[in-house]
Amino acid sequence: MNQSTYGNFNQLKKTFASADYLPAGYTVFNIGGNKYRLIVEMDYSLALVDIKAVWTHAEYSQSKRIEDLRRGKL
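Bear in mind the structure is a predicted one, so any value in this text is a computation, not a measurement.

1. Digging into the pattern of salt bridges
And then number 1: Applying the stated rule across the entire model yields five salt bridges.
And then number 2: Between K52 and D50 there is a salt bridge, with the nearest N and O atoms lying 3.1 Å from each other.
And then number 3: The closest approach of N and O atoms between E67 and R70, which form a salt bridge, is 4.0 Å. Taken together, the residues E67 and R70, both in helix 3 (residues 63-71) and three residues apart, mark about one turn of the helix.
And then number 4: Residue classification places R70 among the exposed residues on the basis of a relative accessible area of 61%.

Written out as structure tokens, the structure reads:
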């Protein structure tokens, strides 16, 4: 098993090119061949990941969910 530590989002992005950072503090990963979205909060200084949600692409695309993400309400 490989393990990596990232100090910030830019370092993470070099490994996970499809990851997106949202201003509310969430990082979104496209997984399962872009069928799902993994939404997490990351604390780079403590090397902690808090999984907030796993949604299908269709669920992620719903306007209410997008608004919740923008407001940091997961």
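From this point, the discussion proceeds with the structure in view.
2. So, the pairing of strand 4 (residues 48-56)
The side chains of a regular strand alternate, residue by residue, between the two faces of the sheet.
And then number 1: Sheet analysis places strand 3 (residues 36-43) next to strand 4, joined by eight bridges and oriented antiparallel. Pairing of V40 across the sheet is with I51, part of strand 4.
And then number 2: A loop of four residues connects strand 3 with strand 4, the two strands running antiparallel in sequence, and A47 in this loop sits at a positive phi of about 55°.

3. Quick look at a nonpolar patch on the surface
And then number 1: Where nonpolar side chains cluster on the molecular surface, the patch consists of I31, Y36, V49, I51 and V54 and spans about 450 Å² of accessible area.
And then number 2: Among the elements that line the nonpolar patch, the one with the most residues is strand 4, at three residues.
And then number 3: Mapped onto the secondary structure, Y36 falls in strand 3.

4. What to know about the sheet that holds strand 2 (residues 26-31)
And then number 1: Strand order in the open sheet made by the four strands is 1-2-3-4, with antiparallel pairing throughout. Edge positions in the open sheet fall to strand 1 (20-21) and strand 4, since each of these has one partner strand only.

5. Some words on the pairing of strand 2
And then number 1: One ladder, built from two bridges, connects strand 1 with strand 2; its direction is antiparallel. Across the sheet, Y21 pairs through a bridge with T27, a residue of strand 2.
And then number 2: The turn linking strand 1 back onto strand 2 is made up of four residues, and G25 within it adopts a positive phi angle of 105°.
And then number 3: Across six bridges, the pairing between strand 2 and strand 3 is antiparallel. Of the residues in strand 3, the one forming a bridge with Y26 is E41.
And then number 4: The antiparallel hairpin formed by strand 2 and strand 3 contains four residues in its connecting segment, where G32 sits at a positive phi of about 60°.

6. Examining the side chain of T27
And then number 1: Mapped onto the secondary structure, T27 falls in strand 2.
And then number 2: Residue classification places T27 among the buried positions, given a relative accessible area of 1%.
And then number 3: Ignoring any residue separated from it by four or fewer positions in sequence, one finds T27 in contact with F9, L12, A19, D20, Y21, L38, I39, V40, M42 and Y44.

What counts and what doesn't
Per chain, the residues get numbers from 1 upward, laid out in the order the sequence is written. Where local features are concerned, this predicted model is filtered to residues with pLDDT of at least 70; where side-chain atom pairs are given and counted, the filter is 80 or more; whole-chain, interface and lining totals use all residues. Heavy atoms from the whole structure form the basis of all side-chain values; hydrogens and water molecules are not counted. In the sections that follow, a salt bridge refers to a side-chain nitrogen of Lys or Arg positioned within 4 Å of a carboxyl oxygen of Asp or Glu. The way it works is that DSSP assigns letters per residue, a run of H or I at least four long becomes a helix, a run of E at least two long becomes a strand, and they are numbered from the N terminus. When accessible area is computed with a 1.4 Å probe and restricted to protein chains, residues below 20% of their type maximum are described as buried, those above 50% as exposed, and intermediate ones as partly exposed. Strands are labelled as partners when DSSP assigns at least two bridges between them. Residues enter a patch when their relative accessible area is above 30% and they make no salt bridge; the linking distance is 9 Å between like charges and 5 Å between nonpolar side chains (Val, Leu, Ile, Met, Phe, Trp, Tyr). Surface accessibility follows the Shrake-Rupley procedure with a 1.4 Å probe radius. Residue values consider only the protein chains on display as shielding. Should any heavy atoms of two residues lie within 4.5 Å, those residues are considered in contact.

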